Amino acid sequence: MPEETLSTSSEKQPSNWAKHKVGAFWIKTKKDGRSYLSGKIEINGKVTACLIFKNDHQEGNTPHFNIYTVS
């Protein structure tokens, strides 16, 4: 087993996941009871609000979800 080392730094180092995070989404519910995701992504310093909906019209090689920007 690899030896564990203790950090003497008082600052917590970001995890690999935190370094690659580009956004976050929250589960929302429409008036008709269907759920969707609402959130923001940041790529190259540009923040974009987005909505993610389940694709109810799947045929063949279509995506399970679609993302739309909010303007």
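Refer to the structure printed above.
Thresholds, definitions, all that
Residues numbered from 1 in each chain as written. Predicted model: local features only at pLDDT ≥ 70, side-chain atom pairs only at ≥ 80, totals over all residues. Heavy atoms only, no water. Phe/Tyr/Trp six-rings, centres within 6.5 Å; stacked < 30°, edge-to-face > 60°. Pairing = 2+ DSSP bridges. Helix = DSSP H or I, 4+ residues; strand = E, 2+ residues; numbered from the N terminus. Axes fitted to C-alpha atoms, helices over the stretch in contact; angles between N-to-C directions.

A. Structural context of the packing of aromatic side chains. Summed over all chains, the structure comprises 2 aromatic pairs. Taken together through their ring pairs, the aromatic side chains of Tyr-36, Phe-53 and Tyr-68 make up a single cluster.

B. Fine view of the sheet that holds strand β3 (residues 46–54). Strand order in the open sheet formed by 4 strands is β1-β2-β3-β4, and the pairing between neighbours is antiparallel. The outermost strands of the open sheet, each flanked by one partner alone, are β1 (23–29) and β4 (65–69). For this sheet the average axis-to-axis angle between neighbouring strands, irrespective of direction, equals 25 degrees. The pairing of β3 with β4 spans 5 bridges and is classified as antiparallel. Among the inter-strand pairings, Phe-53 is bridged to a residue of β4, identified as Asn-66.

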